[in-house]
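Residue-level structure breakdown
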Amino acid sequence: MTVRRYFQEHPIVVLSLLLLLLVGVLEAIRPGAVTPNWFRTTVLFAAPLGILAAGQTLVMLTGGIDLSVANVATAAAYIMASNARHGDLQAVLLGLAVGVAVGLVNGLGIAVFQAQPLIMTLGMALVVTGGLTVYSQFAVTSVPSVPGFIHTLGAGTVLGFVPVSLLLWAPIAVIIVVGLRRTGFGRLLYAIGDNAAACRLAGVRVWQVRLVNYTLCGLLSAIAGLVLAGTINTADLGLANTFLLPTVAAVVIGGTSIFSGSGNYSGTIIGAMILTVLNSVLTLLDAPEPIKQILYGAIILLLATAYTRVLSDT
Amino acid sequence: MSELSPLLEVSSLSKRFGPVIALRSADLSVRPGEVHALMGANGAGKSTLVKVLTGVLRPDGGTIALRGKIRVIASPAEARRAGLMPVYQDPALIPDLTVLQNLRLTGTPVEAVRRWLSELGMSGIDFGVLTRDLPPPSLRLLDLARALAAEPDVLLLDEITAALPADLTTRVFDVVGRRRAEGRSVIFISHRLAEVSVFCDRATVLRDGETVGVVEPARGAEAKIVDLMLGPVAADVARAEAQRAPIRSGDGPGKSRLEVKNLRAGSMLQDVSFTVRPGEVVGVAALEGQGQGELFDCLAGVRKPDAGQILVEGRATSFRHPYDAIRAGLVLVPADRMQALLRQRSVRENIALPLVSRLTRWGLINVRSERRRVKQAIERLQIDTRAQAQVRRLSGGNQQKVSIARWLAAGFQTLLCFDPTRGIDIGTKRQIYVLVRELAAAGSSILLFTSELAEIPLACDRVIVLFGGRVVQVLPANVADESTLLRAAHGLAAEAAS
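What you see is a predicted model; the values in this text were computed from it and never measured.

Moving on, we get to the overall build of chain B. The secondary structure content of chain B amounts to 19 helices and 22 strands. Each of the three principal axes of chain B carries a C-alpha extent, and together these read 75 × 50 × 45 Å. In chain B, which comprises 498 residues, the share counted as buried stands at 53%. Considering only residue pairs separated by 6 or more positions, chain B has 67% of its internal contacts joining residues 24 or more positions apart. Accessible surface computed for chain B: about 21400 Å², of which carbon and sulfur atoms make up 50%. Each charge class in chain B can be summarised by its mean position, and for the 65 positive and 53 negative side chains these summaries are 6 Å apart.

See below:
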């Protein structure tokens, strides 16, 4: 009872303990596996997921969802890489612009034309992927290449074991965590997730908040795509496509309600770390791929179920 | 078993939600063939008691005995099997299914429902229509008929008459009362003292989660019930306040703050014109569905009128969004509190909601200024903030206060109150009416619709009566007694006395 109460009030502590437990399991299976270098690679892989899941957290807080995050990330990375010859900065800005544009279209559809977020973003995911394929066949003349500083951003290290991507992820995380708590925009995201009709009655122009929110999600997806391209040092048409469901899983494990109105990005960060560590534990087990998938899915299910059981009232 | 042994016996039932004690020690004894009222101020624990009795909540302590046997009621289904059947405040029907489909869904015998409906004088309901298309009173009666069809030993009616016009209320008690002969009982929750004293055999009064008395509501017992509900100190205060609240009759002819000209919207609101002056409380009296809902929605910017004009301070306006109405100084307190509130958010966030953009500087909320404004509003309305972390944990009366406090904090010129005292205890009602008078005295204008006609002379300066989407009468509130208003609201008296 008291454990449950504590969990309800400090989910982040319990999630962190769970993360430590997983790290412990890893060390037990393979003594000596947990090293500064292990930390480096874990963060390297967690950073793109964490940034991608940041946008997902923002839209899920309002009771929405964005199924186009992974496709937007891929498109941003690919368009950046295929325009590298125009100069690094232009290429990066072009990549980010893709994210903003798709996010804006999602936002317009959902906030102004009242489309269901699920349908709108699923549709846009297909449009983006299809559009990207056409673009790659007809408009790309040079071999895509990742700008050098993006590669450093995605794969570099400072002070021996601190990944450069952490230097980007950490400020983004701070801005989002503090922003959700202290800004009017953050306050309104929770309010809209709780009761959008009540917000309208109180004079809040809900559509504006939603529009900005989906645009922000598009931008964050593009940033994640660029980081991921940097990590792998290449960008192809399927770069981030396996990331969609992990973003939703990270948000849910992190304690943001699918029915919205409660949650925070700090939970999502731990969620993304848990998923990444879980992946490396399963990799170390040397289990065949299907077994890994089954375990991965089962553990996510278990976590999410435990969460809803413990957090639901009486 | 003797005739007089109770059908339902509840002893020292308790239930707490975290730090909030909802039920301290509730006792309730219902005899066979009795209509038993359950009374209490908001937050006294009535709803919690009903939820425990119907298996929605598990009690922390105490016992429930049916026909002398102690029962543990672990789920709503079990409560039903034990013969306890509730009819809740909100219709428990799925809006997108027809009446027939709803009945089939719950396995309710259709013929029995039809029979009870015709007893209730509602044989006209077409079972093939979607329940969303039925007016609220029909839904309430359908819920009731469905509960009656289960032939329960104890029927629990939670505020069923709140949405019913007077003639249907009488009908409901007629039908329900007939079951007395079969030794079946009714537990009846209502804030309407008049109904309780006319229709009920006994009344159990709860205060602060405890049973404080069982009263036989003969004539003159109303005062005793009120005293029990409020407790010794609060009762005196309420009486003094009720006498102190001065009723003036408007500011005489002067500039109008709000002027409505030939407003038309949808099929209900046909052609309505009236004015509200600064410092004036204008009451709106109407039966269910005479266009008052559309009128308030148009004034609050929730919907656009089809024709007509809304003038604020003499200037024509066109509201495309509630934001526009709020900027023009018109703010709405809707009837359904949950429509206005963020259930999972705190009292502070709920009150500050319309203020967010004004409290924000460079994107950041000025917490100190927010705290100050919210605190002032909470103190002015005496909101009980013990359960302030989530508004859904507050009692109905406190929730209503929060939805009003929001506008006190944000500021306004004209307050549009739509049935603000529906389902609220008498103490809170008085507070709300005293507040309305104070606001008017300070220069605000108030447009107030209430379904309880007796309240109009208490709070208003003038009253307009709507019938069929038109204003059929305008009266000074001090001559608007209940029978005059009721006749006008039925479209009977056309001789205007404005």
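Picking up after the structure, the text goes on.
As a further point, take empty space enclosed by the protein. To find the voids left in a structure, one rolls a probe of water-molecule size over its atoms. Residues and elements named next belong to chain B. Per the counting criterion, the structure on display carries two cavities of 30 Å³ or more. For the largest cavity, the calculated volume is near 60 Å³. Every residue along the wall of the largest cavity is listed here: Glu159, Thr161, Ala162, Ser190, His191, Arg192, Arg422, Gly423, Ser451 and Glu452. For the lining of the largest cavity, the per-class residue count stands at one nonpolar, five polar and four charged. Summarising the domain contributions, the lining of the largest cavity has at least three residues from each of domain 1 (8-83 + 152-230) and domain 2 (258-489). If you add up the space inside the second largest cavity, you get close to 30 Å³. For the lining of the second largest cavity, the elements supplying multiple residues, two or more each, are β16 (330-333) and α16 (396-410). With three residues, the top contributor of residues to the lining of the second largest cavity is α16.

It is worth spelling out helix α1 (residues 46-53) of chain B at this point. All names here are of chain B. For α1, the buried fraction is high: six of the eight residues fall into the buried class. Among the residues of α1, those classed as buried are Lys46, Thr48, Leu49, Val50, Val52 and Leu53. Backbone geometry just after α1 places Gly55 at a positive phi near 80 degrees.

For the rest of this paragraph, the subject is the layout of surface pockets. Residue and element names in this part refer to chain A. Approximately 800 Å³ is the volume attributed to the second largest pocket. Lining the second largest pocket are 29 residues; nearest its centre among them are Pro246, Leu275, Thr276, Asn279 and Tyr296. When residues of the lining of the second largest pocket are traced back to their parent elements, those giving at least two are α3 (36-61), α10 (206-232), α11 (244-253), α12 (265-284) and α13 (289-311). Residue contributions to the lining of the second largest pocket peak at seven residues, all from α3. A class-by-class count of the residues in the lining of the second largest pocket yields 19 nonpolar, eight polar and two charged.

Residue and element names in this part refer to chain B. Scanning all chains against the criterion turns up six aromatic pairs over all chains. Pairing Phe173 with Phe188 gives two aromatic rings, centres 4.6 Å apart and planes at 80 degrees, and the pair type is edge-to-face. With Phe173 in helix α6 (residues 166-178) and Phe188 in strand β8 (residues 185-189), this pair connects stretches of sequence that are 15 residues apart. For the pair Phe173 and Phe188, a shared accessibility class is recorded, and that class is buried. Considering the side-chain rings of Phe296 and Phe418, the 5.2 Å spacing of their centres and the 80 degrees angle between planes classify their relative orientation as edge-to-face. Placement of Phe296 in helix α10 (residues 292-299) and of Phe418 in strand β19 (residues 414-418) is noted, with a sequence separation of 122 residues between them.

Now for the interface of chain A and chain B. Every contact between the two is made by 24 residues of chain A and, on the other side, 34 residues of chain B. Regarding the contact of chain A and chain B, the summed buried area is about 2400 Å², with carbon and sulfur atoms giving 56% of it. It is A:Arg187, A:Arg200 and A:Leu201 that lose the most area in chain A upon contact with chain B, and together they represent 30% of the buried surface on that side. Where chain A meets chain B, there are one salt bridge. Of the charged contacts, one joins A:Arg187 and B:Glu370 as a salt bridge, the two residues approaching to 2.8 Å between their closest N and O atoms. With 12 residues, the single largest contributor to the side of chain A that touches chain B is helix α9 (residues 184-201) of chain A.

Another point: the environment of B:Arg179. With respect to the secondary-structure elements, B:Arg179 resides in the loop between α6 and β8. Here B:Arg179 falls in the buried class, since its relative accessible area comes to 1%.

With that out of the way, let us pick up the pairing of strand β10 (residues 210-215) of chain B. Residue and element names in this part refer to chain B. Pairing between strand β9 (residues 202-207) and β10: five bridges, direction antiparallel. Among the inter-strand pairings, Val205 is bridged to a residue of β10, identified as Gly213. Here β9 hands over to β10 after two residues, with Asp208 in that stretch at a positive phi of 50 degrees.

To continue, consider the pattern of salt bridges. Residues and elements named next belong to chain B. Evaluated as defined, the whole model comprises 23 salt bridges over all chains. With a closest N to O distance of 3.6 Å, Arg180 and Asp201 form a salt bridge. Here Asp201 lies in the loop between α7 (193-199) and β9 and Arg180 lies in the loop between α6 and β8, a separation of 21 residues in the sequence. Through salt bridges with shared partners, a single ionic network connects Arg67, Glu151, Asp153, Glu182 and Arg184.

Turning our eyes to something else, we now look at α16(B). Residue and element names in this part refer to chain B. Over its 15 residues, α16 extends 22 Å from the first C-alpha to the last, a length consistent with the 21 Å expected when each residue adds 1.5 Å. Burial within α16 is extensive, with 14 of its 15 residues counted as buried. Looking one or two places after α16, you find Gly411, whose phi comes out positive at around 85 degrees.

It is worth spelling out the domain arrangement of chain B at this point. All names here are of chain B. Structurally, chain B comprises domain 1 (8-83 + 152-230) and domain 2 (258-489). One C-alpha centre belongs to domain 1, the other to domain 2; they are set 31 Å apart. Opposite the 15 residues of domain 1 that make contact, domain 2 presents 17 residues. Both sides of the domain 1 and domain 2 interface together cover about 1200 Å² of buried area, and 61% of this is carbon and sulfur. Run the count over domain 1 and domain 2 and you get zero salt bridges. Counting residues per element, the side of domain 1 that touches domain 2 draws most heavily on helix α8 (residues 221-230), at three residues. Considered class by class, the residues forming the side of domain 1 that touches domain 2 number nine nonpolar, four polar and two charged.

The next thing to look at is a nonpolar patch on the surface. Residues and elements named next belong to chain A. Residues Leu21, Val25, Ile29, Leu285, Ile291, Ile294 and Leu295 make up a contiguous nonpolar surface patch of about 570 Å² in total accessible area. Taken together, the elements giving at least two residues each to the nonpolar patch come down to α2 (11-29) and α13. Take Ile29: it is sitting in helix α2. For Ile29, a relative accessible area of 34% translates into the label partly exposed.

What follows concerns the pairing of strand β4 (residues 61-66) of chain B. Side-chain direction in a regular strand flips from residue to residue, so the side chains alternate between the two faces of the sheet. All names here are of chain B. Bridge analysis of strand β1 (residues 8-17) against β4 gives five bridges, and the strand direction is antiparallel. Counterpart to Glu9 in the pairing with β4 is Ala65. The hairpin turn running from β4 into strand β5 (residues 69-71), its antiparallel successor, is two residues long, and Arg67 in that turn takes a positive phi close to 50 degrees.

A few words on unusual backbone geometry. Residue and element names in this part refer to chain B. In this structure, Glu151 is a non-glycine residue whose phi angle is positive, near 45 degrees. The exposure class of Glu151 is partly exposed, given its relative accessible area of 30%. Even without being glycine, Trp362 reaches a positive phi, approximately 50 degrees.

As a further point, take the environment of A:Ile29. For the pair A:Ile29 and A:Leu284, spaced 255 residues apart in sequence, the C-alpha separation works out to 8.1 Å. Not counting residues up to four positions away in its chain, the partners in contact with A:Ile29 are A:Val281 and A:Leu285.

Scoring rules and cut-offs
Residues numbered from 1 in each chain as written. Chains lettered and ligands numbered in written order. Predicted model: local features only at pLDDT ≥ 70, side-chain atom pairs only at ≥ 80, totals over all residues. Heavy atoms only, no water. Helix = DSSP H or I, 4+ residues; strand = E, 2+ residues; numbered from the N terminus. Buried < 20%, exposed > 50% of the residue type's maximum accessible area, 1.4 Å probe, protein only. Contact = heavy atoms within 4.5 Å. Areas by Shrake-Rupley, 256 points an atom, 1.4 Å probe, with all protein chains shown as cover. Lys, Arg positive; Asp, Glu negative; His and termini not counted. Charge placed at Lys NZ, Arg CZ, Asp CG, Glu CD. 1 Å grid on protein atoms, 1.4 Å probe; cavity = no way out; pocket = protein on both sides within 12 Å on 5 of 7 lines; lining within 4 Å. Points joined across faces, edges and corners; volume = space filled by probe spheres on them. Nonpolar A, V, L, I, M, F, W, Y, C, P; charged D, E, K, R; others polar. Domains from an automatic or database assignment. Phe/Tyr/Trp six-rings, centres within 6.5 Å; stacked < 30°, edge-to-face > 60°. Buried area = accessible area lost by both parts, 1.4 Å probe. Salt bridge = Lys/Arg side-chain N within 4 Å of Asp/Glu carboxyl O. Pairing = 2+ DSSP bridges. Expected span 1.5 Å × (residues − 1). Patch = residues over 30% accessible without salt bridge, like charges linked within 9 Å, V, L, I, M, F, W, Y side chains within 5 Å.

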